[in-house]
Amino acid sequence: MTGFLAELGRRLAERWFTLLVLPGLAYLLVAVAAARLGHGDWADWRALWDGFGALTGGKPDRQNALAVRAVLLVVVAVPVSAGLGLLAQVLAAPVERALCGEWPRPFTALAARLTTRRATAWQGADAAYDMACAAAGGQADAIAHAVRRNAVSLIPPERPTWLGDRLRAPAVRLGREYGIDLATVWPRLWLLLPTPTRDILTEARARLDAAFTLGGWALLYLPLAAWWWPAAVIALIAAAVARRRAFLAAEAYAELVESAVDLHLDRLLTRLAEPRPAPQQGRALTERLRRGL
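Within each chain, residues carry numbers counting from 1 in the order of the written sequence. Only residues with pLDDT of at least 70 get local features here, since the model is predicted, and only at 80 or more are side-chain atom pairs given and counted; chain-wide, interface and lining totals rely on the full set of residues. Based on all heavy atoms of the structure, the side-chain values leave hydrogens and waters out of the count.

## Points about the pattern of salt bridges
Definition in use: We define a salt bridge as a side-chain nitrogen of Lys or Arg found within 4 Å of a carboxyl oxygen belonging to Asp or Glu. Only DSSP runs of H or I with at least four residues qualify as helices, and only runs of E with at least two residues qualify as strands; both kinds are numbered from the N terminus onward.
One pass over the structure, following the stated rule, counts 13 salt bridges. Glutamate 258 is the partner of arginine 173 in a salt bridge, and the nearest nitrogen-oxygen pair spans 2.8 Å. Remark: glutamate 258 occurs in helix 9 (residues 230-271) and arginine 173 occurs in helix 6 (residues 162-178); sequence separation between them is 85 residues. Overlapping salt bridges, with partners in common, bring together Arg118, Glu158, Asp165 and Arg168 in one network.

## Regarding a nonpolar patch on the surface
We count it as follows: What makes a patch is a set of residues exposed beyond 30% relative accessible area and free of salt bridges, joined within 9 Å when like-charged and within 5 Å when nonpolar (Val, Leu, Ile, Met, Phe, Trp, Tyr). Each accessible area is a Shrake-Rupley estimate made with a 1.4 Å probe; only the visible protein chains count as cover when residues are assessed. To sort residues, take the accessible area from a 1.4 Å probe on protein chains only and compare it with the maximum for the residue type: under 20% means buried, over 50% means exposed, and anything in between is partly exposed.
A surface patch of nonpolar side chains, amounting to about 330 Å² of accessible area, comprises Trp229, Val233, Ile237 and Val241. Structurally, valine 233 is set in helix 9. The exposure class of valine 233 is partly exposed, given its relative accessible area of 39%.

## A closer look at helix 7 (residues 182-192)
Selection criterion: Regarding the arc, it is the one traced by the directions from the helix axis to the C-beta atoms.
Three or more residues of helix 7 are buried, namely Leu182, Val185, Trp186, Leu189 and Leu192. Across the axial projection of helix 7, the buried residues extend over an arc of 115 degrees, all falling on one side. With respect to the buried face of helix 7, the exposed residues turned more than 90 degrees away are Ala183 and Leu191.

## Structural notes on the nonpolar core
The line we're drawing: Note on terminology: a nonpolar core comprises buried Ala, Val, Leu, Ile, Met, Phe, Trp, Tyr and Cys residues joined through side-chain atoms within 4.5 Å. Residues are treated as being in contact if the distance between any of their heavy atoms lies within 4.5 Å.
Leu163, Trp186, Leu189, Leu208, Phe212 and Val261 are the most contacted members of the largest nonpolar core, which totals 27 residues. Among the elements that take part in this core, helix 9 stands out by supplying 10 residues, more than any other. If we skip the residues at most four places from it in the chain, leucine 208 touches Leu167, Ala246, Ala249, Ala250 and Tyr253. One finds Val30, Ala88, Trp217 and Ala235 within the second-largest nonpolar core, a separate group that totals 15 residues.

## A word on the packing of aromatic side chains
Heads up, the condition is: Pairs were defined over the aromatic rings of Phe, Tyr and Trp, the Trp ring being its six-membered one, requiring ring centres within 6.5 Å. Orientation was assigned from the angle between planes: stacked under 30 degrees, edge-to-face over 60, tilted for the rest.
Following the criterion strictly, the structure yields five aromatic pairs and no others. For the pair tryptophan 162 and phenylalanine 247, a centre-to-centre distance of 5.0 Å together with 35 degrees between the ring planes defines the contact as tilted. Taken together, the residues tryptophan 162 in helix 6 and phenylalanine 247 in helix 9 connect sequence positions 85 residues apart. With a relative accessible area of 19%, phenylalanine 247 lands in the buried category. Between tryptophan 217 and tyrosine 221, the ring centres sit 6.5 Å apart and the planes meet at 45 degrees, which makes this aromatic pair tilted. Taken together, the residues span about one helical turn, with tryptophan 217 and tyrosine 221 both in helix 8 (residues 195-221) at a distance of four residues.

## As for the packing of helix 4 (residues 108-134) against helix 5 (residues 139-152)
Two measures define how a pair of helices packs: the angle their axes make with one another and the distance between the axes. Quick reminder of the rule: Only C-alpha atoms enter the line fits that serve as axes; for helices the fit covers just the stretch in contact. Angles between N-to-C directions range over 0 to 180 degrees. Here the angle decides the label: under 35 degrees means roughly parallel, over 145 means roughly antiparallel, 65 to 115 means roughly perpendicular, and every other value means oblique. For a crossing to be left-handed, the near helix must be turned anticlockwise from the far one by less than a right angle; the clockwise case is right-handed.
It is the contact of helix 4 with helix 5, at a shortest axis distance of 8 Å, that shows an interaxial angle of 160 degrees. By the angle class used here, helix 4 and helix 5 are roughly antiparallel. In the packing of helix 4 onto helix 5, the handedness of the crossing is left-handed. Where helix 4 approaches helix 5, its residues Arg118, Ala121, Trp122, Gly124, Ala125, Asp126, Ala128, Tyr129, Ala132 and Cys133 are matched on the opposing element by Asp141, Ala142, His145, Ala146, Arg148, Arg149 and Val152.

Shown next as structure tokens:
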């Protein structure tokens, strides 16, 4: 047990350092460059290196003072970096809402227009698909129209973004296929899933959350552009990578959720099959447990 707890603590520490501290340290380096260089000398790396040398260098008789300064920098930098990492995770929530099309009131009109445009494109491709299916020898055309329709959305669009509808698609398809409300069924089904299946789903969701967190880092880098314009480039690159990763992770996660329900819903139906225990039996069991019998 001691070895297991030690290994668990080591892995948690590694995860904490990788997810929070390292990205935070990178952000602090960019912030220092922004403060030191500014717009005018944005590429003067020699000045930045000279500043670092002045911080860490010194006379031999002052090495103790320099060692204390280095320790203080580490003691300050690590918790600040971790705090920045936590802030990026907090900002992941608004990034997720933005990418999923859950836009606040000032943007509701724009969201409605985009949703209507996507729905029109989807309906046109779906109608063309139906016509190609009905026509003799139209299988190739039907496939092409299906690909074009699914590129817009797998379901009739109700969100202004592809990502929002992709994450909604499992609930819509499973509701139509099995007559279930996924939000209600999922917590109970989750408890019956085999451990490897739950691990795969957890990992897929973690990749999606990591993409949203990268979008949070993009938001954090953007204000630094007021002092050092390359920070805007870093923010734009981080935002583009976050969007791409979110699309890929959402596709994988939604597919895994659908597959888990397809393969394991029968287990939940069996476990909840009628007849259910009567209330009298439940009260008798409760009284028995209270007495410790």
